[in-house]
Amino acid sequence: MAVDALSTAPGTASSATSGTVVSTPVYEGPFDMLLQLILREQVDIYDINLSSIVDAYLAEIERMQLLDLDVATGFLLIAATLVELKARRLLPNPTDIDLDDEFALWEERDMLLARLLEAKTFKDVAQIFSQLAEDADLSFPRVVGPDERFGDVVPDMLEGTSVASLRNAAIRALTPKPVPVVDLFHVNPITTTVADAVAELLDELPRVGRITFRHLTSDLGDRIEVIIRFLAVLELYKQGAVEIDQPERFGDIEVIWSADEDFDTAAILIDAYDG
Amino acid sequence: MDERVAEYKRAIESIVLVAHDPVPAELLAQLLEEPTVMVEQWCEELAESYRTEGHGFELVNIAGGWRFQTAPDLTPYVERFLLHDQRARLSGAALETLAIVAYKQPISRGQIASIRGVDPDGVLRTLQARGYIDEVGRDSGPGQAILFGTTATFLEKLGLPSIDDLPPIAEFIPGAEVVEALEVGLRVTPLIEVSTGGADGAPSPEPGRATDDDTTP
Amino acid sequence: MDERVAEYKRAIESIVLVAHDPVPAELLAQLLEEPTVMVEQWCEELAESYRTEGHGFELVNIAGGWRFQTAPDLTPYVERFLLHDQRARLSGAALETLAIVAYKQPISRGQIASIRGVDPDGVLRTLQARGYIDEVGRDSGPGQAILFGTTATFLEKLGLPSIDDLPPIAEFIPGAEVVEALEVGLRVTPLIEVSTGGADGAPSPEPGRATDDDTTP
């Protein structure tokens, strides 16, 4: 029977590896991850350091073996906001703050807060839905229909169905749906590291100056390579070497080289992804 | 003891309610783990109680089993309902399933399921009850799955001389087996060492495949 | 008069017995040529009588109509008869997406994406294939985005009479303590200021954590 990927129990992901089913907690996207970090584990933002989020994220990828670029994009945005918030909290001298920047950050924070609250609301509703469905599933409806005595009365259900509409239905049903996953038949062991990707970017970005993330990753075949490169961009953002701009939510991200002339690329290379 | 009998009677009611075909007393006996003679007696008692209470349905022993059916005197209401029921058109899901059977026959339930991604059981039964499709054979594989095909009634209703007169669908649509392979592929862990670059371009056999073929009943 | 009511009730039983989908009270009223309110009352009375008489089936108002279904406590028998567990469990992602669609319909894919923070494409396809949601229109904006809404199948899945019977969304808006926890988590104010507000005044070794428990609005 066709078991689709969504029929696993809520909150767990089952990966069937040679018969054994391993259940692991799953983050339903970046909001969910942040919610769980803040609420479930009761950690303060002060304790959420970037590398631990990145580690959790990479671990998640490894467990799921499936990644959508949009997931990564959403994660990047939120990570960026978090980094900014964290940086502000660690700022030694509060008087040194540009008021416009301060308001912009507050606005961003409020937006993030509002979206987290919304995500939490529907997460709770989902629990109720699950319970309702479980109760409803205990009863089986009668869907038998009329018996043979009424054979003559039952209207022809194909009335009004043309050959063309049947053909269209066949095309609809038989056309494979685009599946947003890794091409599983060509997965190679991951060889690139984030440090390698940082090195590549440090070579490329100062020359191009400004590039979209899509362009930056267009030559990459595997999604995992795309992810590694995105983590490298995140690392450069953290180091202040690039700026990130995304005009549209879920739109393409622009990566802008913003380091000074005397920016010490060697230092970044050594530092890159040590944690 | 009486309480247990009441429970058994309720169970009989629930089973017969959802059954598409008359349920043999032997099967009920097996499900309840009680003697067939007892089950037959309880069915008779249920049927009798419906009559005395004057329900619009009755429990009858027909074609080797028990089933619910409407009381004969209410036929006018039932017929009126069936004629008035605006919803007696094929649903989108049913039409797609019918189309799959028409273009891919003979085809098993499991193959349809893997194309549509959902269990086609109820839809297949409806289509079969309407006489648009029927069982046309058995798969030669280990499961001996029932294979479905369209009927003469289907051709008649669509005004087609023969099944070969169905308009062709584009070549690029892959067969059920390809879609199925794709689905199977999605279920296995991807960390399989696959030797790439065969000169003929033929995909190497996929290890997870063999066991998934026999999921069809 | 009482005899006529008994007859109508029998007619309702017979019609609902042969229906594939829940039968709306309005349709029953039309067939019986009686007011809908009366029909609704008779349905309620029938449902009540089945309960008190302890039958194995029940009459319920689900997804905009009345249908027969098995009593919930008899599930083991029915499942044993049907030989398979027909229940399709939904994942957390699917349930959350369904919740958003249910309360915000009609809603576009993009709007769902911005609430969930992830692309809902795959989930939407599954929900649509299972018949829980469907395209209900197009956005009037420039992109003419497809708008989704829930279906009768969704109501059946949750056992609800109508979409109005969903619990009010206000009940689920997070309480003050959750909002507070999130606010503390996302606090912008520099740490130095935060840690000086404590009543004891003593600097805590871990300034970021100290305010977690005693922050008051």
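Residues numbered from 1 in each chain as written. Chains lettered and ligands numbered in written order. Predicted model: local features only at pLDDT ≥ 70, side-chain atom pairs only at ≥ 80, totals over all residues. Heavy atoms only, no water.

The subject of this paragraph is helix H7 (residues 121-129) of chain C. Residue and element names in this part refer to chain C. For H7, the complete set of buried residues consists of Val123, Leu124, Thr126 and Leu127. Across the axial projection of H7, the buried residues extend over an arc of 165 degrees, all falling on one side. Turning to H7, the residues buried within the fold contact helix H5 (92-104), helix H6 (109-116), strand S4 (133-138) and strand S5 (146-150). (Buried < 20%, exposed > 50% of the residue type's maximum accessible area, 1.4 Å probe, protein only. Helix = DSSP H or I, 4+ residues; strand = E, 2+ residues; numbered from the N terminus. Arc of directions from axis to C-beta. Contact = heavy atoms within 4.5 Å.)

Time to look at the interface of chain C and chain B. Much of the literature gives interface size as the accessible area that the parts lose upon coming together. Counting residues at the interface gives 40 residues for chain C, matched by 41 residues for chain B. Interface area, chain C with chain B, both sides summed: about 3,400 Å², of which 64% is carbon and sulfur. In this assembly, chain C and chain B are joined by four salt bridges. The partner of B:Asp73 in a salt bridge is C:Arg10, with the nearest N and O atoms 2.7 Å apart. Between chain C and chain B we count 14 residue pairs in polar contact (both at pLDDT 80 or more) in total. Elements that contribute at least two residues to the side of chain C that touches chain B include exactly helix H1 (2-18), helix H2 (25-32), helix H3 (36-53), strand S2 (65-70) and helix H4 (75-82) of chain C. The biggest single contributor to the side of chain C that touches chain B is H1(C), with nine residues. Residue classes in the side of chain C that touches chain B are distributed as 22 nonpolar, nine polar and nine charged. (Buried area = accessible area lost by both parts, 1.4 Å probe. Salt bridge = Lys/Arg side-chain N within 4 Å of Asp/Glu carboxyl O. Polar contact = N/O pair within 3.5 Å; in protein donor to acceptor, adjacent residues only side chain to side chain. Nonpolar A, V, L, I, M, F, W, Y, C, P; charged D, E, K, R; others polar.)

So, about unusual backbone geometry. Of the consecutive residues B:Gln105 and B:Pro106, the connecting peptide bond is found in the cis state with omega at -5 degrees. Mapped onto the secondary structure, B:Pro106 falls in the loop between helix H5 (92-104) and strand S3 (107-108). Backbone geometry at C:Glu33 places phi at a positive 55 degrees, although glycine is not the residue there. Unusually for a residue other than glycine, C:Ala63 sits at a positive phi of about 50 degrees. Residue class for C:Ala63 comes out buried when judged on its relative accessible area of 15%.

Once that is clear, we can look at the sheet that holds S4(C). All names here are of chain C. One open sheet holds the three strands; their spatial order is S3-S5-S4, and the pairing between them is antiparallel. Each edge of the sheet is formed by a strand with only one pairing partner; in this case those strands are strand S3 (107-108) and S4. Across five bridges, S4 lies against S5 in antiparallel orientation. Bridging from a neighbouring strand, Ile133 pairs with Thr150 of S5. Relative to S5, H5 is tilted by about 95 degrees, and along the sheet it contacts S3, S4 and S5. (Pairing = 2+ DSSP bridges. Axes fitted to C-alpha atoms, helices over the stretch in contact; angles between N-to-C directions.)

Turning to the packing of aromatic side chains, a few remarks are in order. For the structure shown, the criterion picks out 13 aromatic pairs over all chains. Taken together, a centroid distance of 5.9 Å and an interplanar angle of 85 degrees make the contact between B:Phe68 and C:Phe57 edge-to-face. Here C:Phe57 lies in strand S1 (residues 57-62) and B:Phe68 lies in strand S2 (residues 65-70), a pairing that spans two chains. As far as burial versus exposure is concerned, B:Phe68 and C:Phe57 are alike and both buried. (Phe/Tyr/Trp six-rings, centres within 6.5 Å; stacked < 30°, edge-to-face > 60°.)

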